[in-house]
Amino acid sequence: MYKAKAYAAASATSPLARTAITRRDPTEHDIQIEILYCGICHSDFHTVRNEWKDFLPTVYPCVPGHEIVGRVTKVGSAVKKFKTGDIAAVGCMVDSDRTCPECRAGLEQFCPNFVLTYNFPDKHVGGVTYGGYSDSIVVDQRFVLRVPPNLNLAGAAPLLCAGITTYSPMHHWGVTKGKKAGVVGLGGLGHMAVKFAHALGAHVVVFTTSPGKKDAAMRLGADEVVISRNADEMQKHADSFDFILDAVSAEHDINAYINLLRRDGNLTLVGAPEKPLPVAAFPLIMRRRSLSGSPIGGIAETQEMLDFCGKHNITADVEVIPIQKVNEAYDRLMKSDVKYRFSIDMASLKSE
Ligand SMILES: NC(=O)c1ccc[n+]([C@@H]2O[C@H](COP(=O)([O-])OP(=O)(O)OC[C@H]3O[C@@H](n4cnc5c(N)ncnc54)[C@H](OP(=O)(O)O)[C@@H]3O)[C@@H](O)[C@H]2O)c1
Ligand SMILES: [Zn+2]
Ligand SMILES: [Zn+2]
């Protein structure tokens, strides 16, 4: 065991503050990583504020962060995939049972016994897992990813959650050339969804509540931008979408988007607001439309996504911040004021 520096929330109402946490020494299959960058996901915020208490209550202190990129500092004797000095990445999961049908199918995100990167029981050190707002982490090699060498590391970190969470459902639902794809909410997930849908060749329409994001949406790869509070603009797209990805973090009217799907179109929710969203039956029934959800992605698909990003030179648009500004960043996240992901430069924690 050793001590690592971290930022933690002591309660649902406390700001994040500097602390020391216990990490395990790397065992046979483990990789120890010096964290260079960690993205700030809205899920970090939901968890820190205990907004998902009915589904996954937060255990405090809570060290969030699951968009991790760093350098390997030590490897266990059985590690073949990485050596000291390599760049490595970790996303939302750090373990699973490896034996269930989901794991055997390479879909660890559905494993009933997976271990999330933070706020999940930690069988090695006790308590709960601690995430990437820290200067180091130790993870089993099976859950460590490779970052293509051409990618900027600060911008690559958000791929580990925002990237895979949007890439996976678009693959599943066949977003490709000739399809019309919508993205609701131009935040961290939404802006990655726009980049992927554009790279996959679809006609991309962004729905935003922020008129000021219109130009950026077009630059990111949108073909059209709709200000979602304008009912006339919304109506023009009725019955026309093959697929819509909803990446909104707060309460909103999803029926307005279901109405925009064509027959057999699908709306996938990746946004996870605190409160349930009401769904009207008839708009689904009358066009055989479907509503589904999607969690992150498996390890193999995450690597596939990273390689796709390497090939297409895709990273997140990041605002790099020192960790001392994390509470300010959370306030701005609440106001949808981030273009389009915060990425914490962990050198700032080392010097503290
Ligand atoms: N399914 C998964 O596995 C998974 C993985 C990661 C994250 N998530 C969840 O996905 C959601 C988005 O995460 P994120 O990190 O992308 O968050 P984010 O960067 O804060 O973006 C959320 C966007 O939603 C829109 N929005 C916010 N409040 C709204 C409101 N009241 N009404 C309508 N639109 C609103 C805003 O876009 P505009 O300004 O364009 O309107 C905002 O930029 C969160 O709930 C997060 O927990 C799920
Ligand atoms: Zn996330
Ligand atoms: Zn499993």
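This text goes with the structure placed above it.
Quick notes on the rules
Residues numbered from 1 in each chain as written. Chains lettered and ligands numbered in written order. Predicted model: local features only at pLDDT ≥ 70, side-chain atom pairs only at ≥ 80, totals over all residues. Heavy atoms only, no water. Donors = N, O, S within 2.8 Å, 3.2 Å for Na, K, Ca; no water. Tetrahedral: all angles 85-135°; square planar, octahedral: opposite > 155°, others 65-115°. Buried < 20%, exposed > 50% of the residue type's maximum accessible area, 1.4 Å probe, protein only. Helix = DSSP H or I, 4+ residues; strand = E, 2+ residues; numbered from the N terminus. Phe/Tyr/Trp six-rings, centres within 6.5 Å; stacked < 30°, edge-to-face > 60°. Lys NZ or Arg CZ within 6 Å of the ring centre and 35° of its normal. Near = heavy atom within 4 Å. Polar contact = N/O pair within 3.5 Å; in protein donor to acceptor, adjacent residues only side chain to side chain. Areas by Shrake-Rupley, 256 points an atom, 1.4 Å probe, with all protein chains shown as cover. Nonpolar A, V, L, I, M, F, W, Y, C, P; charged D, E, K, R; others polar. Salt bridge = Lys/Arg side-chain N within 4 Å of Asp/Glu carboxyl O. Expected span 1.5 Å × (residues − 1). Contact = heavy atoms within 4.5 Å.

Trainee: Is there a simple way to explain the coordination of the zinc ion (ligand 3) in this structure?
Mentor: In ideal tetrahedral geometry, four donors around a metal make angles of 109.5 degrees, whereas ideal octahedral geometry with six donors gives angles of 90 or 180 degrees. Taken together, the protein ligands of the zinc ion (ligand 3) are Asp-97 (OD), Cys-100 (SG), Cys-103 (SG) and Cys-111 (SG), with distances of 2.1 to 2.3 Å. For the zinc ion (ligand 3), the four donor atoms in the first shell make angles of 100 to 119° at the metal, so the coordination geometry reads as tetrahedral. Counting along the primary sequence, the residues that act as donors to the zinc ion (ligand 3) give the motif D-x2-C-x2-C-x7-C. Cys-100 sits in the buried class, given a relative accessible area of 10%. Overall, the relative accessible area of 10% leaves Cys-103 in the buried class.

Trainee: Could you clarify how one ought to interpret the coordination of the zinc ion (ligand 2) in this entry?
Mentor: For the zinc ion (ligand 2), every protein donor is listed as Cys-41 (SG), His-66 (NE2) and Cys-161 (SG), and the spread of their distances is 2.0 to 2.2 Å. Sequence spacing of the donor residues for the zinc ion (ligand 2), all on one chain, is C-x24-H-x94-C. Of the two residues, Cys-41 sits in the loop between strand E3 (30–40) and helix H1 (42–48) while His-66 sits in the loop between H1 and strand E4 (68–75), which places them 25 residues apart along the sequence. By relative accessible area, which is 8% here, His-66 ends up buried.

Trainee: What am I meant to see in the packing of aromatic side chains here?
Mentor: When we look at a pair of aromatic rings, we describe it by the centre distance and by the angle of the planes. For the structure on display, the rule yields seven aromatic pairs. Centre to centre, the rings of Phe-114 and Phe-120 are 5.5 Å apart; their planes meet at 75°, and the pair counts as edge-to-face. The ring centre of Phe-82 lies 4.4 Å from the NZ or CZ of Arg-146, which sits over that ring. The aromatic ring of Phe-241 is capped on one face by Lys-180, whose charged end is 4.5 Å from the ring centroid.

Trainee: Would you mind showing me how to read the site of ligand 1 here?
Mentor: With respect to spatial proximity, 30 residues lie near ligand 1, and among them His-42, Thr-208, Thr-209, Ser-210 and Arg-341 are the closest. Ser-210 has a polar side-chain atom sitting 2.5 Å from an oxygen atom of ligand 1. Ile-296 has a polar backbone atom sitting 2.9 Å from an oxygen atom of ligand 1. When the free accessible area of ligand 1 is taken as 930 Å², the share hidden by the protein chains comes to 89%. Counting only elements with at least two residues in the shell around ligand 1, the list comes to H1 and helix H5 (188–199). Considering every element that reaches the shell around ligand 1, the biggest residue donor is H1, with three residues. The residue inventory of the shell around ligand 1, partitioned by class, reads 13 nonpolar, 14 polar and three charged.

Trainee: Looking at this structure, how should I read the pattern of salt bridges?
Mentor: A side chain of one charge can pair with a side chain of the opposite charge when the charged atoms of the two come close. Considering all chains together, one arrives at 18 salt bridges under this definition. Of the charged contacts in the structure, one is a salt bridge between Glu-352 and Arg-18, with a shortest N-O distance of 3.5 Å. Placement of Glu-352 in the segment after helix H12 (347–350) and of Arg-18 in strand E2 (residues 16–23) is noted, with a sequence separation of 334 residues between them. The exposure class assigned to Arg-18 is partly exposed, which follows from its relative accessible area of 39%. Its salt-bridge partner being Arg-98, residue Asp-140 comes within 3.3 Å of it at the nearest N-O pair. With Asp-140 in strand E8 (residues 136–140) and Arg-98 in the loop between strand E6 (93–95) and helix H2 (101–104), the pair connects residues that are 42 residues apart, well separated along the chain.

Trainee: Just to check I follow, could you spell out unusual backbone geometry for this structure?
Mentor: Cis peptide bonds are those with omega within 30 degrees of zero, and the linkage from Tyr-60 to Pro-61 qualifies with 0°. Tracing the sequence through the fold places Pro-61 in the loop between H1 and E4. Tyr-340 follows Lys-339 through a cis peptide bond whose omega is -15°. Residue position: Tyr-340 is located in the loop between helix H11 (326–334) and strand E16 (341–345).

Trainee: Would you mind going over H5 with me for this structure?
Mentor: Compared with an ideal rise of 1.5 Å per residue, which puts 12 residues at 16 Å, H5 spans 17 Å between its outermost C-alpha atoms and is within 8% of the ideal. Within H5, 10 of the 12 residues are buried, leaving the element largely enclosed by the surrounding structure. Along H5, the residues classified as buried are Gly-188, Leu-189, Gly-190, His-191, Met-192, Ala-193, Val-194, Lys-195, Phe-196 and Ala-197. One or two residues past the end of H5 sits Gly-201, with phi positive at roughly 95°.

Trainee: Can you help me understand helix H4 (residues 162–172) in this one?
Mentor: The periodicity of an α-helix, 3.6 residues per turn, causes residues three or four positions apart to be oriented the same way. The element H4 is extensively covered by neighbouring structure, given that nine of its 11 residues are classed as buried. Along H4, the residues that are buried comprise Ala-162, Gly-163, Ile-164, Thr-165, Thr-166, Tyr-167, Ser-168, Pro-169 and Met-170. Buried residues along H4 sit against H5, strand E12 (241–246), strand E13 (261–269), helix H10 (299–312) and E16. The positive-phi residue at the C-terminal boundary of H4 is Gly-174, with phi of around 70°.

Purely spatial values, then, with no claim about function.
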